[in-house]
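Residue-level listing of the chains:
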Amino acid sequence: MEQRGLTIQRREGTGKSVAKRLRRSGRVPGILYGGPAAMPITADPRDVLRLIHGHEGSTQLLTLTFDGSTESRTAIIRDMQFDPVSEALVHVDLQEVAMDRPITVTVAVHPVGEPAGVRDQQGILNLVMHELSVSCLPSLIPERIDADVSALMIGDVLTVSQLTVPAGVRILNDPNQAVATVSPPRAEEVPVAAAAAVTAPAEPEVLTERKPKEPPVEETGKEGGKRERDKEREKEKK
């Protein structure tokens, strides 16, 4: 892993008021661990962000230089805190390391290859683990751990024990823990408009008004019935 440099300063005073004053002046407060006692420090937040840019999930090995001094130390970024609203860096913790002693760090998992279950079965690759905890000497910290997923079919699982790591690096996670898997494709949803068209009730039949029935012909016969009707019409005219 490439070793990068960071210039820091010893910090005089602690507390919220000191931290706020530092941030207003363009500095970020921090603590350097690993020596005889924790050392309050300050750093330029832009320098810290440049160090981690493009290396998310990977532990960076740093050469610390104290401003105005030739003294230097080797360290890693232990923790960072960001403002929940502005997302600005507000605090950084560094951990001094000895080059001849193994340390525990977090390294990113990087999938390699196109799964056969995605290419031939239209499955979906799921990366279950994005980071791994490893132990190694500071000089052997890998940039990432590659996970070969090219042979995975739908339902297959790639576990920690199947990963290949560089010499001198030991993974601390459970060997049976899943790293990646391929799941079946999602079922297509029926469009709402189409479903509504299928289930829409049929329109009721429109009934036309029926013509009134003619009054029944009297039992006296057709001619008698006709005369009676003519008499009734004459009365209505008068």
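Described below are features of the structure shown in this document. (Residues numbered from 1 in each chain as written. Predicted model: local features only at pLDDT ≥ 70, side-chain atom pairs only at ≥ 80, totals over all residues. Heavy atoms only, no water.)

This part is about the packing of aromatic side chains. For the coordinates displayed, the defined rule picks out zero aromatic pairs. Sitting above the plane of the phenylalanine 66 ring, arginine 10 keeps its charged end 4.3 Å from the centroid. (Phe/Tyr/Trp six-rings, centres within 6.5 Å; stacked < 30°, edge-to-face > 60°. Lys NZ or Arg CZ within 6 Å of the ring centre and 35° of its normal.)

On the surface, Lys16, Lys20, Arg21, Arg23 and Arg24 cluster together into a patch of positive charge. Here arginine 21 shows up in helix α1 (residues 16–24). (Patch = residues over 30% accessible without salt bridge, like charges linked within 9 Å, V, L, I, M, F, W, Y side chains within 5 Å. Areas by Shrake-Rupley, 256 points an atom, 1.4 Å probe, with all protein chains shown as cover. Salt bridge = Lys/Arg side-chain N within 4 Å of Asp/Glu carboxyl O. Lys, Arg positive; Asp, Glu negative; His and termini not counted. Charge placed at Lys NZ, Arg CZ, Asp CG, Glu CD. Helix = DSSP H or I, 4+ residues; strand = E, 2+ residues; numbered from the N terminus.)

For glutamate 87, which is not glycine, the phi torsion reads 65 degrees and is therefore positive. Residue placement: glutamate 87 occurs in the loop between β5 (72–82) and β6 (89–96). The exposure class of glutamate 87 is exposed, given its relative accessible area of 62%. Here glutamine 122, not a glycine, exhibits a phi torsion of approximately 55 degrees, which is positive. Note that glutamine 122 resides in the loop between α3 (116–119) and β8 (124–127). The exposure class of glutamine 122 is exposed, given its relative accessible area of 52%. (Buried < 20%, exposed > 50% of the residue type's maximum accessible area, 1.4 Å probe, protein only.)

The next thing to look at is the environment of glycine 35. Following the sequence through the fold, glycine 35 ends up in the loop between β2 (28–33) and β3 (39–43). We classify glycine 35 as partly exposed; its relative accessible area is 30%. C-alpha separation for the pair glycine 35 and glutamate 96, spaced 61 residues apart in sequence, amounts to 7.0 Å.

Further remarks concern the pairing of β3. For β3, a buried count of four out of five residues is recorded, marking the element as mostly surrounded by other parts of the structure. Bridge count between strand β1 (residues 4–10) and β3: three bridges; the pairing is antiparallel. Counterpart to glutamine 9 in the pairing with β3 is threonine 42. Counted between consecutive antiparallel strands, the loop separating β2 from β3 contains five residues, among which glycine 34 sits at a positive phi close to 110 degrees. (Pairing = 2+ DSSP bridges.)

Strands sit in the order β10-β7-β9-β12 across an open sheet of four strands; the sheet is mixed. If you trace the sheet from one side to the other, it starts and ends with β10 (145–148) and β12 (170–171), each paired once. Here strand β7 (residues 103–112) runs beside β10; their pairing, made up of four bridges, is parallel. Its bridge partner lying in β10, histidine 110 is registered against aspartate 146.

What follows deals with the nonpolar core. The biggest cluster of nonpolar side chains holds 24 residues, and the ones touching the most others in it are Val105, Leu132, Val134, Leu158, Leu163 and Val179. Mapped onto this core, the elements with two or more residues apiece are β7, β9 (131–136), β10 and β13 (178–183). Broken down by element, the residue count for this core peaks at four residues, all from β7. Beyond its immediate stretch of four places on either side in the chain, leucine 132 contacts Val105, Thr106, Val107, Val109, Ile145, Val160, Leu163, Ile171 and Asn173. Ranked by size, the runner-up nonpolar core spans 18 residues in total, among them Ile8, Ile52, Leu62 and Ile77. (Core = buried A, V, L, I, M, F, W, Y, C linked by side-chain atoms within 4.5 Å. Contact = heavy atoms within 4.5 Å.)

Strand order in the open sheet formed by three strands is β8-β13-β11, and the pairing between neighbours is antiparallel. With partners counted over all chains shown, the strands left at the sheet margins are β8 and β11 (157–159), one partner each. Each strand of the sheet is rotated relative to its neighbour by a mean of 15 degrees, with strand direction disregarded. Where β8 and β13 come together, four bridges link them in antiparallel fashion. In the strand pairing of β13, leucine 125 is matched with valine 182. (Axes fitted to C-alpha atoms, helices over the stretch in contact; angles between N-to-C directions.)

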